[in-house]
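Geometric and topological summary
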Amino acid sequence: MTSPAPQQETFRTLLRSQKVWDTELPAFDAARDPALAPAEPLPLFHAWFAEAVGAGQPEPHTMQLATVAEDGGPDVRTVMLHDADGRGWHFATHASSTKGRQLAARPEAALHFYWAAQGRQIRVRGRVTTAPHAESLADLHARSAGALAAALVGRQSEVLTSYEELERSSAAAWERARAEPDADAPTWTLYVLDPVEAEFFQGDAQRRHVRLRYRKGDEGWVRELLWP
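What comes next concerns the included structure. Sequence order as written defines residue numbering, which begins from 1 separately in each chain. Per-residue local features are limited, in this predicted model, to residues with pLDDT of at least 70; the limit for side-chain atom pairs, both in listing and counting, is 80 or more; totals at the level of whole chains, interfaces and linings are taken over all residues. Note that the side-chain values use all heavy atoms of the structure and ignore hydrogens as well as water.

Secondary structure elements follow DSSP: runs of H or I of four or more residues count as helices, runs of E of two or more count as strands, with numbering from the N terminus. For the protein, the helix and strand inventory stands at 6 helices and 9 strands. Over its C-alpha atoms, taken along the principal directions, the protein stretches across nearly 60 × 55 × 40 Å. Partly exposed residues are those whose accessible area sits between 20% and 50% of the maximum for their type, while under 20% is buried and over 50% is exposed, using a 1.4 Å probe and protein chains only. When each of the 228 residues of the protein is scored for burial, the buried share is 37%. Long-range contacts, defined here as pairs at least 24 residues apart, represent 64% of the contacts in the protein between residues at least 6 apart. Computed with the Shrake-Rupley method and a 1.4 Å probe, the accessible areas treat only the protein chains shown as cover for residues. About 13,600 Å² of surface is accessible on the protein, with carbon and sulfur atoms providing 53% of the total. In this tally, Lys and Arg are treated as positive and Asp and Glu as negative; His is ignored, and so are the chain termini. One atom stands in for each charge, and that atom is NZ of Lys, CZ of Arg, CG of Asp or CD of Glu. Here the protein contributes 25 positively and 31 negatively charged side chains, and the mean placements of these two sets differ by 6 Å. Contact definition: two residues touch when any of their heavy atoms are within 4.5 Å.

This is the structure in structure tokens:
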């Protein structure tokens, strides 16, 4: 058996030296009784989000979005949460992008939040629907000029022939976004994931992690603990 290359050994040493949750972790009352948790996942998500912000978690509004690729395999990327309400979890992208096409072909997705500041994860899975274009635009216009400029550039996921081409398109889009703050972005689409399952994970220093799963049943949400 040959020895690993020096670069590989350096990487492994660095990897194994990393600490996990080098902080005091909060307790989760649902560990003793799932009935102590809210009857539905949304209020608990709202509470945990506020606590993540309070704990100084960087970018707690970013999440991983997993979709089904054209070849039937998984695909994942990081996107921004736009809202979480009684309809579901909201995010946006161009309908013409890779993920937009994937969602059109198979409107199902999973979301994942990781808030290391408190050793918490949240997973949400369900069916995805598109909001009306007027609502998608209203959501876009409520954000920054940079967000509008990025949407106006468009062509997301297409092959880029040169970075200079992106610079030119971006400059033109920024100019239009400043001049027309209500400009239309025809393919920009707001998506809403209606959950059928949500899991709240609370890390534990002794690896007795708490996993509370909400599962939508015929008569509402079922709360149950899972082995870590």
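What follows concerns helix 2 (residues 41-54). Counting along an α-helix, one turn takes 3.6 residues, and residues three or four places apart therefore face a common direction. For helix 2, which comprises 14 residues, the first-to-last C-alpha distance of 20 Å matches the rise-based estimate of 20 Å (1.5 Å per residue) to within 8%. The set of residues buried in helix 2 consists of P41, L42, L44, F45, W48 and A52. Down the axis of helix 2, the smallest arc covering the buried residues is 155°, so these residues share one side. In the stretch just after helix 2, G56 is the one whose phi turns positive, near 80°. Any helix carries an expected span of 1.5 Å times its number of residues minus one. What the arc measures is the spread of directions leading from the helix axis to the C-beta atoms.

Among the surface-exposed residues, L160, Y163 and L166 lie close enough to one another that they form a single nonpolar patch of about 290 Å² accessible area. Of note, Y163 is situated in helix 6 (residues 163-179). Without a salt bridge and with relative accessible area above 30%, a residue can belong to a patch; like charges are then joined within 9 Å and nonpolar side chains (Val, Leu, Ile, Met, Phe, Trp, Tyr) within 5 Å. Any Lys or Arg side-chain nitrogen located within 4 Å of an Asp or Glu carboxyl oxygen qualifies as a salt bridge.

A pair of strands is labelled paired if DSSP reports no fewer than 2 bridges between them. Note that strand 1 (residues 62-68) and strand 2 (residues 74-80) share 7 bridges and pair antiparallel. Along strand 2, the bridge assignment pairs V68 with P74. A loop of 5 residues connects strand 1 with strand 2, the two strands running antiparallel in sequence, and G72 in this loop sits at a positive phi of about 90°.

Turning our eyes to something else, we now look at the pattern of salt bridges. Within the structure shown, the criterion is met by 14 salt bridges. The shortest N-O distance in the salt bridge between R215 and E224 comes to 2.9 Å. Overall, the relative accessible area of 18% leaves E224 in the buried class. One continuous salt-bridge network, built from bridges that share partners, spans R123, E199 and R211.

Interaxial angle, 0 to 180 degrees, is taken between N-to-C directions of lines fitted to C-alpha atoms, where a helix line uses only the stretch in contact. Between helix 5 (residues 145-153) and helix 6, the shortest axis-to-axis distance is 8 Å and the interhelical angle comes to 130°. Taken together, the axes of helix 5 and helix 6 are oblique relative to one another. Of the two elements, helix 5 crosses helix 6, and the hand of that crossing is right-handed. Taking contact as the criterion, the partners of A145, G146, L148, A149, L152 and V153 in helix 5 are, on helix 6, L166, S169, S170, A173, W174, R176 and A177. Charged means Asp, Glu, Lys or Arg here, nonpolar means Ala, Val, Leu, Ile, Met, Phe, Trp, Tyr, Cys or Pro, and polar covers whatever is left, Gly included. When grouped by side-chain class, the residues that make up the contact of helix 5 with helix 6 number 9 nonpolar, 3 polar and 1 charged. Every angle not falling under 35 degrees, over 145, or within 65 to 115 is termed oblique; those three ranges are roughly parallel, roughly antiparallel and roughly perpendicular. Note on convention: the crossing is left-handed when the near helix lies turned anticlockwise from the far helix by less than a right angle, right-handed when the turn is clockwise.

Stacked, tilted and edge-to-face pairs are distinguished by plane angle, under 30 degrees for stacked and over 60 for edge-to-face with tilted covering the rest, among Phe, Tyr and Trp rings (Trp via its six-membered ring) whose centres lie within 6.5 Å. Under the counting rule described, the total for this entry stands at 12 aromatic pairs. With centroids separated by 6.2 Å and ring planes inclined at 50°, the aromatic side chains of W21 and F201 adopt a geometry described as tilted. Taken together, the residues W21 in the loop between helix 1 (6-16) and helix 2 and F201 in strand 7 (residues 188-202) connect sequence positions 180 residues apart. Accessibility classification places W21 together with F201 in one group, the buried group. Put simply, the rings of F28, W48, F200, Y214 and W221 touch in pairs and so form one group of aromatic residues. Two thresholds decide whether a charge sits over a ring: the Lys NZ or Arg CZ must be within 6 Å of the ring centre and within 35 degrees of the ring normal. For R120, the ring lying beneath its charged end belongs to W48, and the centroid distance is 4.0 Å.

Bridge count between strand 5 (residues 108-115) and strand 6 (residues 120-130): 8 bridges; the pairing is antiparallel. Within strand 6, the position partnered with L111 by the bridge is V124. Counted between consecutive antiparallel strands, the loop separating strand 5 from strand 6 contains 4 residues, among which G119 sits at a positive phi close to 65°.

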